[in-house]
Amino acid sequence: MISFKEVSLHNKRDDCWVIIHGQVYNLTEFLNEHPGGSKVILKFKGLDATTEFEKFHPKDMMDRFLKKEYHLGRIDPATITADTTTDSIQTKATYQLPPLSSILNLYDFENVARVVLTPDAWAYYSSGGENELTLQENQAAFKRIWFKPRVLVNVKEVSTSTTIMGTKSSLPLYITATALGKLGHPEGEVVLTKAAGTKGIIQMIPTLASCSLDEMINAAVASQTQWFQLYVNADKKITRNLIERAQSKGVKALCITVDAPQLGRREKDMRVKFENDAPDVQGNRDMNRNQGAARAISGFIDPSLSWDDIPWLKSVSKVPIILKGIQCGEDAVLAAKAGVQGIVISNHGGRQLDTCRSAIECLKEVMDDLRTANLDGKMEIYIDGGIRRGSDIFKALALGATAVGLGRPFLYAMSSYGQAGVEQAIDILKEELEMTMRLMGVTSIDQINRKHILDENLSNRSTVIRDGLSESVYERMQVIPVSKL
């Protein structure tokens, strides 16, 4: 066995040893091969990097991918001291959290997460594009839709169950793809997998997960449905391999992100220099580490992706294709004509082009244009962005959506309370949706239609309704007094 004193002597760029899970590795020759760049490894030269490694990589990664000659042996546990890890690592702050039973809505989870997450994690999860107007509009738009309740209807028994892309679901919602789950919880996206399985809803697995595909698939229960979200790589061979690997693991749909030929300016994220390692999925070697987590992990995305590529993607996919990121009726019509099985109306959570419309406003246009083109019913329609209440789900269904996706709220619940938090978030949405259905006089999802809502003000963005709950978690840039620097 190797003593820690021996490891600590190898603390230079041309002589770099690192401890991970009790094993000692000589990473000197690997520094320039590391997809995330050498800097993150050099931060741990001569030290134990296990805590940081586990945030972003599966435990067996070193055995699967690192050359055997880099494996030096086990560390002698008797020689390990409190100084074996770098003190520069950010860890989640320790707070006395409110009891989970006291969490009443999704905004409560966000308030807690804002406190407990590290600055880089909060910046990545919460940031929007530029002035973040679309980020705010995503929620504000739902408040411009009003209900038209019906009374004296027998609503003793209400069911929120539905069918989504051929799969039974306990709710008309799914957990949408979000990257870097381990920034918020040491188990990362596996927590979302387990909660989705427990509650009987679909999980969309992200390309840029900090867990491996195998870990998320293996964490699922036997009856669970998972979709795979795909960023198309500029190298078609890599894209094909990703699709085939996901299909071989049993995913039921391929969700192709089409709204990210270039990432938006997420300035809150960009202010926090991204120091963490990158996911190992795409092999991005020329990583920009100066402008936040999003830009640090996304250099592989193909900006030339176009409608001409849809036939090729259909040819390599054995499962239904869903285009994620549709934002107007014209593109929805093109998607239907292209023969895909579904679309997600989405502005990437307000993280791309600022001052584009909310997903719920686009949904109204999409449904109208599809009806005009005699293409309604040709594919399933989903939306994500701004959904925080069960009543928001009802409004989306009334406008024609099959189901809705939520991302950030589940990240906040996971970061604050783990799997139990995510499960409670799903329960809250279910309870709110059931209440809305009863008060609206409907007992099943298929009874919800446009007659239940008043949406004439949806496109009137000059109508402002103050919302103290959402405003309380919106973060503005803080200026630190000189005396505290």
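Rules behind the numbers
- Residues numbered from 1 in each chain as written.
- Predicted model: local features only at pLDDT ≥ 70, side-chain atom pairs only at ≥ 80, totals over all residues.
- Heavy atoms only, no water.
- Pairing = 2+ DSSP bridges.
- Helix = DSSP H or I, 4+ residues; strand = E, 2+ residues; numbered from the N terminus.
- Core = buried A, V, L, I, M, F, W, Y, C linked by side-chain atoms within 4.5 Å.
- Buried < 20%, exposed > 50% of the residue type's maximum accessible area, 1.4 Å probe, protein only.
- Contact = heavy atoms within 4.5 Å.
- Right-handed = clockwise from strand over helix to strand, strands pointing away.
- Disulfide = S-S within 2.5 Å.
- Polar contact = N/O pair within 3.5 Å; in protein donor to acceptor, adjacent residues only side chain to side chain.
- Phe/Tyr/Trp six-rings, centres within 6.5 Å; stacked < 30°, edge-to-face > 60°.
- Axes fitted to C-alpha atoms, helices over the stretch in contact; angles between N-to-C directions.
- pLDDT = per-residue confidence, 0-100.

### Brief notes about the sheet that holds strand E2 (residues 15-20)
- The four strands are arranged E1-E2-E3-E4 in an open sheet whose pairing can be described as antiparallel. Looking at the sheet topology across the chains shown, the edges are occupied by strand E1 (11-12) and strand E4 (71-74).
- Across three bridges, the pairing between strand E3 (residues 23-26) and E4 is antiparallel. The partner of Val-24 across the bridge, within E4, is Gly-73.

### Concerning the nonpolar core
- Formed by 103 residues in total, the largest nonpolar core has its most connected members in Ile-343, Ile-360, Ile-383, Phe-410 and Val-422.
- Element by element, the count of residues in this core is highest for helix H17 (residues 408-440), at 14 residues.
- With near-sequence residues (within four places) excluded, Phe-410 lies in contact with Leu-173, Tyr-174, Ile-175, Leu-192, Val-422, Ala-425, Ile-426 and Leu-429.
- In this structure, Tyr-25, Phe-30, Phe-44 and Phe-53 belong to the second largest nonpolar core, which totals 16 residues.

### As for the pairing of strand E14 (residues 380-384)
- Taking burial as the measure, the five residues of E14 include four buried ones, the bulk of the element.
- The parallel pair strand E13 (residues 342-345) and E14 is bridged by helix H15 (residues 359-372), and the resulting crossover is right-handed.
- Where E14 and strand E15 (residues 403-406) come together, three bridges link them in parallel fashion. Residue pairing for E15: Ile-383 is matched across the bridge by Val-404.
- Taken together, E14, helix H16 (residues 390-398) and E15 form a β-α-β motif whose crossover is right-handed.

### A few points about the state of the cysteines
- Per the stated rule, a full pass over the model turns up zero disulfides.
- Free of any disulfide, Cys-356 has its nearest neighbouring cysteine sulfur in Cys-362, separated by 7.2 Å.
- With a relative accessible area of 14%, Cys-356 lands in the buried category.

### Here's the deal with the side chain of Glu-189
- Checked against the element boundaries, Glu-189 lands in helix H8 (residues 189-199).
- A polar contact of 2.6 Å, which involves the side chain of Glu-189, links it to the backbone nitrogen of Gly-181.
- Ignoring sequence-local partners within four residues, the contact set of Glu-189 consists of Thr-178, Ala-179, Leu-180, Gly-181, Gln-203, Pro-206, Ala-209, Ser-210, Cys-211 and Met-216.

### Observations concerning the pairing of strand E12 (residues 321-326)
- Counted residue by residue, E12 has six buried out of six residues, so it is predominantly covered.
- Pairing analysis gives four bridges linking strand E11 (residues 254-257) to E12, with the strands arranged parallel. Opposite Ile-256, over in E12, you have Leu-323 as the bridge partner.
- In this structure, E12 lies alongside E13, joined through four bridges in parallel fashion. Bridge assignment links Ile-326 to a residue of E13, and that residue is Ile-345.
- Taken together, E12, helix H14 (residues 329-338) and E13 constitute a β-α-β crossover, and its handedness is right-handed.

### Topic: the packing of aromatic side chains
- The full count for this structure, using the stated rule, is seven aromatic pairs.
- The interplanar angle of 80° and the centroid separation of 5.9 Å between the aromatic rings of Tyr-174 and Tyr-382 together place this pair among those described as edge-to-face. With Tyr-174 in strand E8 (residues 173-175) and Tyr-382 in strand E14, this residue pair connects regions lying 208 residues apart in the sequence. Tyr-382 carries the same exposure label as Tyr-174, and that label is buried.

### Re the sheet that holds E8
- Reading around the circumference, E8-E9-E10-E11-E12-E13-E14-E15 is the order of the eight strands in this closed barrel, with parallel pairing throughout. When the angles between neighbouring strand axes are averaged without regard to direction, this sheet yields 30°.

### Observations concerning the confidence of the model for the protein chain
- For the protein chain, per-residue confidence averages 87 on the pLDDT scale, and 84% of positions sit at 70 or higher.
- Contacts of residues 280-290 to residues separated by more than four positions or lying in other chains number 41 contacts, the stretch itself having pLDDT below 50.
- Contacts from residues 293-297, a stretch scored under 50 in pLDDT, to residues over four places away or in other chains number 24 contacts.

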